[in-house]
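Spelled out from the first residue to the last, the chains are:
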Amino acid sequence: MPTFETKIAKLAEQTTHWTAEEALALLSIPPDPSHGDWSLPCFTLAKKLRKAPKAIAEELAAKFPAPEGFAKTEALNGYWNFYADKKAIIESVLNGIKEKGLKFGFAEPKNKTIVIDYSSPNIGKELAFHHLRSTMIGNSLAKIHKACGCKVERVNHLGDWGTQFGKLIVMYLRENLPADEATLSNLTIQELNRLYSSFSKISKEEPELENKAREAFAKLEKGDEFYRKLWTAFKEATLKELVRIYKIMGVDFDHYTGESFFEDKIPAVIEELEKKNLLENSQERDVVLLDEDTPPCLIRKSDGSTLYATRDLAAALFPKRKFNFYKCLYVVDNGQALHFKQVFAVLGKMGYEFNIHCEHIPFGLILHKNEEGKWEKGKTRTGTASLLRDVIDAASAKILDLINEKNPNLANKEEIATKIGIGAIAFNDLKNRRFMDVKFDWDAALSFEGATGPYVQNAHVRLCSILRKSGKEISQFKSEELLDQNSYDLIKVLSRKGEKINAACENNEPYILAQYSLELAETAHRFIHNNRVIGSAEENSRLFLVYCAQQVLESTLDLLGIAAIREM
Ligand code: ARG
């Protein structure tokens, strides 16, 4: 069935001024609904037709009758505006949702693979609060690209290689800690954290410790068996905790290919760089020189050990060969912009044109209020809560207190409290353009009012509760019963789902869907407030609409990686 947009595109083609594709790309939704449902700007034709856009739009509106399914078309200030027949819109949207369910607005599968590298924390340390950003933005982008029809490979590029392991090994040995199987398999992330901090403290007084750490890492790189055993234990202890937190957060990966995974693929990369005459020796290190504005990319240190960038080179070639990706996205904070610029530039110098399909997806910082009430990068105010797990626990506990006060008999209340707590923290992050810094304030994030996760989740709960209370099958609707402003507004918002998913996908911006979920929640709350559903004369039609709104909201929350809970 042709959509409203394709009907407009077809008509535009008949005018001979545009191709259907051009018209589709130009088509927009007027911000003021009284200007119609879609709008085709005529400004780009002015030069070609040597006429004012206003006159062109007027001529077109006078000459071409509105396509089927449209009530009228009208010219306004250089725009050709299309007014859909309200009943036709209602039918197309509600039947579309009935047919496609949660997948309404999703694109048809494409034969394209997108690799997304996200979360990717460093092993040996606990997840800090700021790791939330890459984890949640990446998780959401993976879902969004899937909804846009791509095949997605979700990669956790763990920082599991590098001098920091030399540090841990040095501390482990210095403290004479036992290295038997049982002790190693019971190592905890807290213990590793402790070793890490003592290294930092002690090395301030004993700077030679840094050298020892470098030597220890070089020994590890050369394959020393005992050091490998320690390293494996450090890695497993961290992974155990990581996987536990990802599970609570509902975050998943297809590949845990950390930096160490690429270790044996590095010699081939270095050989290739040498063969292509790209390696230069500078200050006893091997580097690839880049353009004037970009510092050289360090490839190998004087002791032969490799660097973060070397591993990222190998890590980019690997998925290209394995998945032949269409795009590879790196969801990493803006602080690493130069690193990615260098890595992509080296790939280009090596002759790999796919480097233009490697994209760094940067994001800003998380800010907290300090004692003077100023926003700064730093700790949350609940003392130790700079660890992600502490923030999640504190948010969940605050919500549980609230549930105990308002709805103490709720089944599975701990689980629901965690889902609201995490939803609140994640939404507070995702509702911003990713490049912006995120202000984290406990009260604002956990509030059930305003632009928050709990507010959106609550709208979903209300929709579910109407469906549950009614207990009726969703059967039929009569479009004439949904013409009132509140119902029609809600239907118009539902109709935009596909367009919002596309925009989020094109810009790699989950915030577009977060803002959409707010708009959806607001219109749904308004509909519920003004239109009685159960027991009304329009019960079947309104119930149908409630069902459709629930489906769209559930799926939108899911695309954000936020649980669409049914009760609270
Ligand atoms: N482990 C790095 C860090 O914590 C992030 C890795 C991002 N991914 C990559 N392919 N470099 O800073």
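Structure first, text after, so check above.
Residue numbers run consecutively from 1 along every chain, following the written order of its sequence. Restriction of local features to residues with pLDDT of at least 70 applies here, the model being predicted, together with a cutoff of 80 or more for giving and counting side-chain atom pairs; totals for whole chains, interfaces and linings are based on all residues. The side-chain quantities take in all heavy atoms of the structure and omit both hydrogens and water.

It is worth spelling out the overall build of the chain at this point. Put simply, DSSP marks the helices as runs of H or I at least four residues long and the strands as runs of E at least two long, and each gets a number from the N terminus on. On a plain count of helices and strands, the chain comes out with 22 helices and 13 strands. Taking the principal axes of its C-alpha atoms as reference, the chain extends roughly 80 × 65 × 45 Å. Categorising residues by exposure relies on relative accessible area from a 1.4 Å probe, with only protein chains included: less than 20% of the type maximum marks a residue as buried, more than 50% marks it as exposed, and the intermediate range marks it as partly exposed. Buried positions account for 53% of the 568 residues belonging to the chain. Note on contacts: a residue pair is in contact if any heavy atoms of the two residues lie within 4.5 Å. The long-range share in the chain, meaning contacts at least 24 apart out of those at least 6 apart in sequence, stands at 73%. Values of accessible area rely on a 1.4 Å probe in the Shrake-Rupley scheme; residue burial ignores everything except the protein chains shown. Accessible area for the chain stands at about 26700 Å²; split by element, carbon and sulfur atoms hold 50% of it. Positive residues here are Lys and Arg, negative ones are Asp and Glu, while His and the chain termini are left out of the count. Charge placement uses NZ in Lys and CZ in Arg. For Asp and Glu, CG and CD serve respectively. Separation of charge centres in the chain, based on 77 positive and 80 negative side chains, amounts to 2 Å.

Two strands pair under a simple rule: DSSP has to find at least two bridges between them. If you trace the three strands from one edge of the open sheet to the other, you get 1-3-2, paired in antiparallel fashion. Where the open sheet ends on each side, the last strands, each with one partner, are strand 1 (38-41) and strand 2 (70-76). Neighbouring strand axes in the sheet, compared pairwise and without regard to direction, differ in orientation by 20° on average. With six bridges connecting them, strand 2 and strand 3 (residues 79-84) associate as antiparallel partners. Bridge pairing in strand 3 links Lys-72 to Tyr-83. Every axis corresponds to a line fitted to the C-alpha atoms, with the helix fit spanning only the stretch in contact, and the corresponding angles, defined between N-to-C directions, vary from 0 to 180 degrees.

One heavy atom suffices: a residue is near a molecule or strand as soon as one of its heavy atoms comes within 4 Å of it. Around the ligand sit Asp-117, Ser-120, Asn-122, His-157, Tyr-308, Asp-312, Tyr-330, Val-332, Gln-336 and Phe-340, and those are all the residues in its vicinity. Here a nitrogen atom of the ligand and a side-chain polar atom of Asp-117 are 2.7 Å apart. Here a polar contact is taken to be a pair of N or O atoms separated by no more than 3.5 Å, where protein atoms must pair a possible hydrogen donor with a possible acceptor and residues adjacent in sequence count only if both atoms sit in side chains. Residue Asn-122 places a side-chain N or O atom 2.8 Å away from a nitrogen atom belonging to the ligand. Across the complex, the protein chains shield 88% of the 340 Å² of accessible surface that the ligand would expose by itself. Polarity classes work like this: nonpolar for Ala, Val, Leu, Ile, Met, Phe, Trp, Tyr, Cys and Pro, charged for Asp, Glu, Lys and Arg, and polar for all others, with Gly in that last group. Residue classes in the shell around the ligand are distributed as four nonpolar, four polar and two charged.

Here a cavity means grid points, on a 1 Å grid over the protein atoms only, where a 1.4 Å probe fits yet cannot get out; a pocket means an open set of points with protein on both sides within 12 Å along at least five of seven lines; lining residues are those with an atom within 4 Å of a point. Grid points are joined across faces, edges and corners, and a volume is the space filled by probe spheres set on the points. There is about 1400 Å³ of room inside the largest pocket. As for the largest pocket, its lining consists of 37 residues, of which Thr-3, Phe-4, Glu-5, Phe-104 and Ser-495 are closest to the centre. Contributions of two or more residues to the lining of the largest pocket are made by helix 1 (4-14), helix 5 (86-100), helix 19 (485-495) and helix 20 (497-507). Of the residues that constitute the lining of the largest pocket, the class distribution is 15 nonpolar, 10 polar and 12 charged. Lining the second largest pocket are 40 residues, with Asn-122, His-130, His-131, Asp-333 and Gln-336 positioned closest to its centre. Here the lining of the second largest pocket is built from residues that sort into 14 nonpolar, 16 polar and 10 charged.

One can describe the packing of helix 16 (residues 413-430) onto helix 18 (residues 453-470) by two numbers: an axis separation of 7 Å at closest approach and a directional angle of 125°. By the criterion of interaxial angle, the relationship of helix 16 to helix 18 is oblique. Touching Lys-419, Ile-420, Gly-423, Ala-424 and Phe-427 of helix 16 are Gly-453, Pro-454, Val-456 and Gln-457, all from helix 18. Classifying every residue of the contact of helix 16 with helix 18 by side-chain character gives five nonpolar, three polar and one charged. Should an angle fall under 35 degrees it is called roughly parallel, over 145 degrees roughly antiparallel, and 65 to 115 degrees roughly perpendicular, with every other angle called oblique.

The subject of this paragraph is empty space enclosed by the protein. Considering all chains together, one arrives at one cavity of 30 Å³ or more under this definition. Roughly 40 Å³ of volume is contained in the largest cavity. For the largest cavity, the full set of lining residues is Lys-125, Glu-126, Leu-127, Ile-189, Thr-238, Glu-241, Leu-242 and Ile-245. In terms of residue count, the dominant contributor to the lining of the largest cavity is helix 11 (residues 225-249) (four residues). Across the lining of the largest cavity, the residue classes tally to four nonpolar, one polar and three charged.

Note on ring pairs: Phe, Tyr and Trp rings are taken, using the six-membered ring of Trp, and paired if centres are within 6.5 Å. Classes follow the plane angle, with under 30 degrees stacked, over 60 edge-to-face and the rest tilted. One pass over the full model with this rule turns up 25 aromatic pairs. Consider the rings of Trp-161 and Phe-217, whose centres lie 5.4 Å apart with planes at 75°: the pair is edge-to-face. With Trp-161 in the loop between strand 5 (151-155) and helix 7 (163-174) and Phe-217 in helix 10 (residues 208-221), the pair connects residues that are 56 residues apart, well separated along the chain. We call a charge positioned over a ring when the NZ of a Lys or the CZ of an Arg lies within 6 Å of the ring centre and within 35 degrees of the ring normal. We note Lys-112 situated over the ring of Tyr-326; from NZ or CZ to the ring centre the distance is 4.3 Å. Above the ring of Phe-325, the side-chain terminus of Lys-320 is found at 4.8 Å from the ring centroid.

This brings us to helix 14 (residues 337-349). Expected helix span is given by 1.5 Å per residue-to-residue step, counting one fewer step than there are residues. When the terminal C-alpha atoms of helix 14 are compared, their 18 Å separation across 13 residues agrees well with the 18 Å that a helix rising 1.5 Å per residue should span. Taken as a whole, helix 14 has its buried residues at His-339, Phe-340, Gln-342, Val-343, Phe-344, Val-346 and Leu-347. A positive backbone phi angle near 95° is found at Gly-351, which sits one or two residues after helix 14.

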